[in-house]
Amino acid sequence: MSIHLTEEQELIGKNARDFAKEYLDPIAMELNETGKFPADMVKKMAEQDFLGLFLPAEFGGAEAGFVSFVQVIENLSRSCAAVASIIVNHALAAYAIQRWGTPAQKKEYLPGLAAAKSLGGFAVYESGPTPGVGPDALTAIKQAEGWVLNGAKAFVRNAGKADVYVVLACTDPAAGAKALTAFIVSAKTIGLSVGEPAETMGLKGCPVADLVFQNVILPETALLGSLNHGTAIVSETLAVGSLAEAAQTIGIGQAAVEHAAAYSKTRVQFGRPIAALQAIQTLLAETMTDCHLARLGLIYAAQLLDQGEPFQLEAAMVKQFLARLGSKMLVDSVQVEGGFGYSETMPLPRLFRDIAGTTLLDAPADFPEKTIAAALLT
Amino acid sequence: MSILTAEQKQLQQTTKEFVAEHIIPVAAKYDKNGEFHPFLLDAARQSNIFAMAVPKEFGGLDYSALDQAIVLEEWGYGCAGMGTTLAASVLSADSVLVAGTEAQKKMFFEPMLRGEIGSFGLTEPGAGSDAGSGKSTAVKVGDEYVLNGTKCWITNGGYASVYVIYALTDPTKGMKGLSAFIVEKGRPGFTIGTTDHKLGIRSSNTVELLFKDVHIPASNLLGKEGDGMKIAMKTLDMARPAIAALSVGLAQRALDECVKHLQQRYPDPKVPPGQTLQFKLADMHIEVEAARQLLYYAMNLRDAGLPFSVESAVSKTLCADTAMRITTIAVQLMGSYGYTSEISKYMRDAKIMQIYEGTNQIQRLVISRAVLAPAPAAVAAAQKAGK
């Protein structure tokens, strides 16, 4: 086991940091206010290969692997985690297609996704706790004209802006969650519509909405992987997603602790900068520690993924760790800045809003613990 | 520890109904727009609730400390922003209760009984936790004081009609030169500066107060010159549990909404959420109940006329930290639903509980001094705490 980065990985991270300072720092506050999808920025990031970073070179990707990918996501998130969220959700669709797609599917979708000529979205969740079971579960029924999809997916990120979605649908309502299958759906497909964009606490600019399917007809070639193999596709893809979200959380936490540290040196109370107070130093030291340990766990899991090793357990542990400690990084950093840190004209409230979004647990909320305990007990 | 009387249960019930009718339905809207809800002034006029701390002899509701906590808890349950408006008005009245003469009390409480609200101005840009390092001055000229300076992050500042303002009557003495004054709205030279846009409690009004050669009668001085710090500290001792009460209400709300959500997601009682989630809910319940009982205990001490300064700090710290933790877990457990709904407001609101009316670091300073106090005092403190 090694957690050293290669020179190339370091360089990719540094390049992303420079890019973020130049292009994301200036727009982050405004984006948080307007929540307007930053289309120009997505294009600019595509020019940097950020959207096709781990995709194979034969499809126009940079083939730089997942350690590099999480470097990019962390470094972008230090400036603007919302923009990083767009890439992360795009990457989930791209990952699923490159991992389980047929040669024809890869050829059709990956070059566009790598170049960001098309943006990806990944639709798993439904209004009920288990996909395929609730009242508006998305079903896909095989009929003469093809797969006919009806129902809805909830809280789909990049919804309305993505060109291609990977969606999870139930192919046998009687079997419910045992018959989940992944499909590739173009945004332009007749019968597919996007619900009202949801108001989110943070990560503003990365849209969230429901996808509604009304008699959407898909050809057999839209099926991704094999029939009823959807659960495995989703669980592995979401594990990749956990790594990307961990990178976001770490980026946000790092930015927060650096901002709080800088602030503490300038804020004078009791005749000296508050940085001189041990109580303040402890808040900073704890955040720094949590950030560092999470980063080590993240890089290790990403290395396993790059080496083709099982990585889901390690991804779940990173997720579990940050579910407990991620938001605390912002709770404590804002605390250092007191009333100033609570004002929306300062950066930390934005980071506070964002980190709640990168550490949340979508249903089932206990999956990290289940994954970890299963590894230990079987 | 604390069992509510029939009257207190009745008060709790009436307040719950009031909050359910007037506050809960509009809280999200006023949070979104970051606007003060003028309904609060109507409520103040109609129910006298903003005068709940005002003694009976002045026509107020004369609520005990525990009664006030019961009311604030329910307001915090409905909306911590609107609860903050109420708490801040009570805070200003507390200063006058601590140090006011009969005439001053009459002068300050009369507008409150007409349904107007009060505001407390201590903090300055350079004087937050270090409250004694303010720069505002009050210079005595004949039978008047002339105020100059800027106060910041002042709750209710834009809507209050009576203020308690702290300023230095003797800048050479530092915090020993601090004095407290009653200032009425509309005094020439007294203006409202910029409004703060905050992460949470967005429906509460937070502004700068600007004083430029503001003349007030010498009779508006509370206590004596130089009593300011003492008055402020006593006031905050009384007022901190208000933040604890808002926090308990806020934490309870987050827990209730979390439970409601999980019940909807797991409608079949035979297929409940797993133990990981069940026990998280149990922990949340344990924490909020423990926080509430500690708050009620501090209020019992105050109502019994016993020292409660340390318990006040303990309850504020524990309740605020509990609110932060529980609201965070609630958002997290509800996933995208939590992130795109009013649930996320609770988390934003909770953060200020750890900051205002003395940061939790300042509370820990107070508490650790008590813990580290010389042996005899520690023994006495332990006896007092019933150990």
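No experiment lies behind these values; they were computed from the predicted model shown.

### Regarding the domain arrangement of chain A
All names here are of chain A. What the domain assignment reports for chain A is domain 1 (7-119), domain 2 (121-229) and domain 3 (231-377). Taken over C-alpha atoms, the centre of domain 2 sits 30 Å from the centre of domain 3. Contacts between the two partners involve 14 residues from domain 2 and, on the opposite side, 13 residues from domain 3. Considered class by class, the residues forming the side of domain 2 that touches domain 3 number 10 nonpolar, 4 polar and no charged.

### Things to note about the domain arrangement of chain B
When the parts come together, some accessible area is lost, and that loss is often what is quoted as the size of the interface. All names here are of chain B. Assigned domains within chain B: domain 1 (6-117), domain 2 (119-227) and domain 3 (229-384). The straight-line distance from the C-alpha centre of domain 1 to that of domain 3 is 20 Å. Contacts between the two partners involve 23 residues from domain 1 and, on the opposite side, 25 residues from domain 3. Going through the elements one at a time, helix 1 (6-33), helix 3 (65-78) and helix 4 (80-99) are the ones with two or more residues in the side of domain 1 that touches domain 3. Partitioning the side of domain 1 that touches domain 3 into residue classes produces 13 nonpolar, 6 polar and 4 charged.

### Comments concerning the nonpolar core
The biggest cluster of nonpolar side chains holds 259 residues, and the ones touching the most others in it are Ala96, Phe183, Leu243 and Leu298 of chain A together with Phe181, Leu295 and Ala330 of chain B. With 17 residues, the single largest contributor to this core is helix 6 (residues 228-265) of chain B. Ignoring sequence-local partners within four residues, the contact set of Leu243 of chain A consists of Phe66, Val70, Leu298, Ala301, Ala302, Ala315 and Val318 of chain A.

### Let's talk about helix 1 of chain B
Residue and element names in this part refer to chain B. For helix 1, which comprises 28 residues, the first-to-last C-alpha distance of 39 Å matches the rise-based estimate of 40 Å (1.5 Å per residue) to within 8%. Along helix 1, the sharpest change in direction is near 50° and occurs at Ala27. Taken as a whole, helix 1 has its buried residues at Leu11, Thr15, Val19, Ile23, Ala27, Tyr30 and Asp31. Buried positions along helix 1 lie against helix 3, helix 4 and helix 10 (343-353). In the segment just after helix 1, Gly34 is the residue with positive phi, at about 60°.

Definitions and cut-offs
- Residues numbered from 1 in each chain as written.
- Chains lettered and ligands numbered in written order.
- Predicted model: local features only at pLDDT ≥ 70, side-chain atom pairs only at ≥ 80, totals over all residues.
- Domains from an automatic or database assignment.
- Contact = placed C-beta atoms within 7 Å.
- Nonpolar A, V, L, I, M, F, W, Y, C, P; charged D, E, K, R; others polar.
- Helix = DSSP H or I, 4+ residues; strand = E, 2+ residues; numbered from the N terminus.
- Core = buried A, V, L, I, M, F, W, Y, C linked by C-beta atoms within 7 Å.
- Buried ≥ 20, exposed ≤ 12 C-beta atoms within 10 Å, placed from the backbone.
- Expected span 1.5 Å × (residues − 1).
- Bend = angle between axes of the 7 residues up to and from the residue.

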